[in-house]
Amino acid sequence: MRPSVKRVLIGSVAGSVVLGGVLVLLPPYDEKAAKAAPPALGPAGRAMAAVGAGAPAALPDLAALIGEREAHLRAHPGDDQSWAVLGSAYLARGVRRADVADFPKAERALNTSLKAKPEGNPEALTGLATLANARHDFRAAKKWGELAAKQAPKRWAAYPALIDAYTGLGDAKGVGRALESLQELGSGTAVMTRSGEVYRNRGWREDANAALTDAAALAEAPAAKAAALYRVAELAWERGEPTVALRYYDAALAADAEHHPSLAGRGRALAALGRSSEALHAYRSALARHPLPEYALELGELYESLKLIPAARAQYGALRARVEQEGAGGINNERILGLFEADHGDADAAVERLTAEYERHGSPETADALGWALHRSGDGEAGLKLVTKAMEKGPRSALFAFHRGTIERESGRYGAARRHLREALRINPYFSPLGVPAAKRALEALGEPPEGGPEQMYAPRPVAPVRQAAPPRRQTPRAQPPAQPRPRTAPSTVRTAPAR
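Residues numbered from 1 in each chain as written. Predicted model: local features only at pLDDT ≥ 70, side-chain atom pairs only at ≥ 80, totals over all residues. Heavy atoms only, no water.

## Let's talk about the overall build of the protein
1) Next: What the protein contains, in helices and strands, is 25 helices and 0 strands.
2) Next: Among the 500 residues that make up the protein, the fraction classed as buried is 47%.
3) Next: Within the protein, residue pairs in contact and separated by at least 24 positions form 55% of the contacts whose partners lie at least 6 positions apart.
4) Next: Accessible surface for the protein amounts to roughly 24,000 Å². Of this, 57% is attributable to carbon and sulfur atoms. (Helix = DSSP H or I, 4+ residues; strand = E, 2+ residues; numbered from the N terminus. Buried < 20%, exposed > 50% of the residue type's maximum accessible area, 1.4 Å probe, protein only. Contact = heavy atoms within 4.5 Å. Areas by Shrake-Rupley, 256 points an atom, 1.4 Å probe, with all protein chains shown as cover.)

## Re the side chain of H260
1) Next: In this fold, H260 is placed in helix α15 (residues 260-272).
2) Next: Under the relative-accessibility criterion, H260 is labelled buried at 7%.
3) Next: Polar contacts involving the side chain of H260 include one to the side chain of Y295, which spans 2.9 Å. (Polar contact = N/O pair within 3.5 Å; in protein donor to acceptor, adjacent residues only side chain to side chain.)

## What to know about the packing of aromatic side chains
1) Next: Summed over all chains, the structure comprises 5 aromatic pairs.
2) Next: Ring geometry for Y230 and Y249: centres 6.1 Å apart, planes at 40 degrees, overall tilted. On the criterion of sequence distance, the pair formed by Y230 in helix α13 (residues 222-238) and Y249 in helix α14 (residues 242-255) is long-range, its members being 19 residues apart. The exposure classification of Y230 matches that of Y249, with both residues buried.
3) Next: Ring geometry for F402 and F431: centres 5.5 Å apart, planes at 45 degrees, overall tilted. (Phe/Tyr/Trp six-rings, centres within 6.5 Å; stacked < 30°, edge-to-face > 60°.)

## Observations concerning unusual backbone geometry
1) Next: Residue H136 is not a glycine yet carries a positive backbone phi of 65 degrees.
2) Next: Along the chain, H136 falls in the loop between α7 (122-134) and α8 (138-151).
3) Next: Backbone geometry at K307 places phi at a positive 65 degrees, although glycine is not the residue there.
4) Next: Relative to the assigned elements, K307 resides in the loop between α17 (293-305) and α18 (309-328).
5) Next: For K307, a relative accessible area of 68% puts it in the exposed group.

## With respect to a positive patch on the surface
1) Next: Taken together, the side chains of K173, R177, K389 and K393 define a basic patch exposed on the protein surface.
2) Next: Elements that contribute at least two residues to the positive patch include exactly α10 (172-185) and α22 (380-393).
3) Next: Within the secondary structure, R177 sits in helix α10.
4) Next: The class for R177 is partly exposed, based on a relative accessible area of 48%. (Patch = residues over 30% accessible without salt bridge, like charges linked within 9 Å, V, L, I, M, F, W, Y side chains within 5 Å. Salt bridge = Lys/Arg side-chain N within 4 Å of Asp/Glu carboxyl O. Lys, Arg positive; Asp, Glu negative; His and termini not counted. Charge placed at Lys NZ, Arg CZ, Asp CG, Glu CD.)

## As for the nonpolar core
1) Next: In terms of nonpolar packing, the biggest core is built from 35 residues, with L370, F402, L421 and F431 touching the most fellow members.
2) Next: Setting aside chain neighbours within four positions, we find L370 in contact with V351, L354, T355, Y358 and L386.
3) Next: Core analysis: the next-biggest nonpolar cluster, separate from the first, contains 34 residues, A245, L319, V323 and I336 among them. (Core = buried A, V, L, I, M, F, W, Y, C linked by side-chain atoms within 4.5 Å.)

## Structural notes on helix α20 (residues 347-360)
1) Next: For α20, which comprises 14 residues, the first-to-last C-alpha distance of 20 Å matches the rise-based estimate of 20 Å (1.5 Å per residue) to within 8%.
2) Next: Among the residues of α20, those classed as buried are A347, A350, V351, L354, E357 and Y358. Here the buried residues of α20 occupy an arc of 140 degrees about the axis, which is enough to place them on one side. For α20, the exposed residues lying more than 90 degrees away from the buried face are D348, E352 and E359.
3) Next: Of the surrounding secondary structure, the elements contacted by the buried residues of α20 are α19 (334-344), α21 (364-376) and α22.
4) Next: Where α20 begins, the capping side chain belongs to D346, and its oxygen is found 3.0 Å from the backbone nitrogen of D348. (Expected span 1.5 Å × (residues − 1). Arc of directions from axis to C-beta.)

## Topic: α14
1) Next: Helix length check: α14 (14 residues) gives 20 Å between terminal C-alpha atoms against 20 Å at 1.5 Å per residue, within 8%.
2) Next: Along α14, the positions that sit buried rather than exposed are P242, V244, A245, L246, Y249, A252 and L253.
3) Next: Where α14 is buried, its residues touch α13 and α15.

## As for the confidence of the model for the protein
1) Next: Averaged over the protein, the pLDDT score is 84; the fraction of residues at 70 or greater is 81%.
2) Next: Considering only residues more than four positions removed or in separate chains, one finds that residues 461-500, a stretch of pLDDT under 50, has 80 contacts. (pLDDT = per-residue confidence, 0-100.)

As structure tokens, then:
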């Protein structure tokens, strides 16, 4: 039995034992006490409870909460707490619907709350931090989140926002501190989910899978369950298991049919399984509900892999239009636009965009994107330094390995290129409909290393490359650091990232 499955079963058994104990300890049924019990939460109450617990809320419940708070504030415009709740509800609805029009509304409501109560208002500060993360403005998110945590260090809600902010800035130590504070203050579904995300970014995939699977099992609200199941599916996808990923994407959509990330994920998995027509339909459904730029890029590249070039160009045009639209709402899409320009547009423009973005947000993902753009614009040496840094500091990523291997091959580092291109296909042999064939062609061109000497001294066999390769150079083999074993501890324990 696999460890992750075993852990889920143990958790289920433990939950049954606890539930049985509670039932045994309950007093006999008292009709008067039952009648005096508080009524079940209505839609607005459910939304407020979900938002307060850091969990996604259902769209009808959010609409009820927004309507209720708007009506209340018309009569009580000085209620700072209600403004903070309204701002957080607008933000939650905007994220759920991928509707940037709700973001300025959220910002106005949260700032009104701060104006009404400038000091001791961690609710509004946390809302502003979460809004900044949604806009990919991680410096602002860090500022607001740290202020919220300083004002109320025992209030757990600021720490998920800080984890996102530090992740976007590439601050691994900050992520560790925020996660430790979060775990000290709680242990529910939201904490498990955040823990799983951090473990995934550190490369601890077994721990991540266990934490996220437990979070999905414990989630009660459909929206929260769908979000947790989606994260489990993403882990399976990153491991190169599209069949498993598809099962979890479908489970997420069964819990919440409007969960657009699972629709796009479903398209990804179906494409990997060769079910192209179904994949196209899934992507179109995701874009019809929520036309995010990353969905348009993925669909465009799928069209291009199928030789449907006019359809691909249409999606690339939709990507540009969506980026412009979201930019008007304050959303920063420089990384996704830079990656698009590097592969399908103006590589020099991509370098310019991504250089500025890397100065703002030095995450491994941004380092990889800038390194790839530098390579595409002709500066492979500078690009190689950045993609190497991304691999050293970031999650175990097939795309990172592909970028590194491609740059190494075209700069004459043939042995390293073989290792990293093979690693990309070993991590996830389906990582990209365009990247996977390119990696396979590059490996075929490189061939097997010759016997009896340093393989870097030999040029690859003359098979048509994806791009014009640089002439081979004589180099001595580069020493590779030995792999170190990853410590295995319980998911609830904060650890420092091991060397990979």
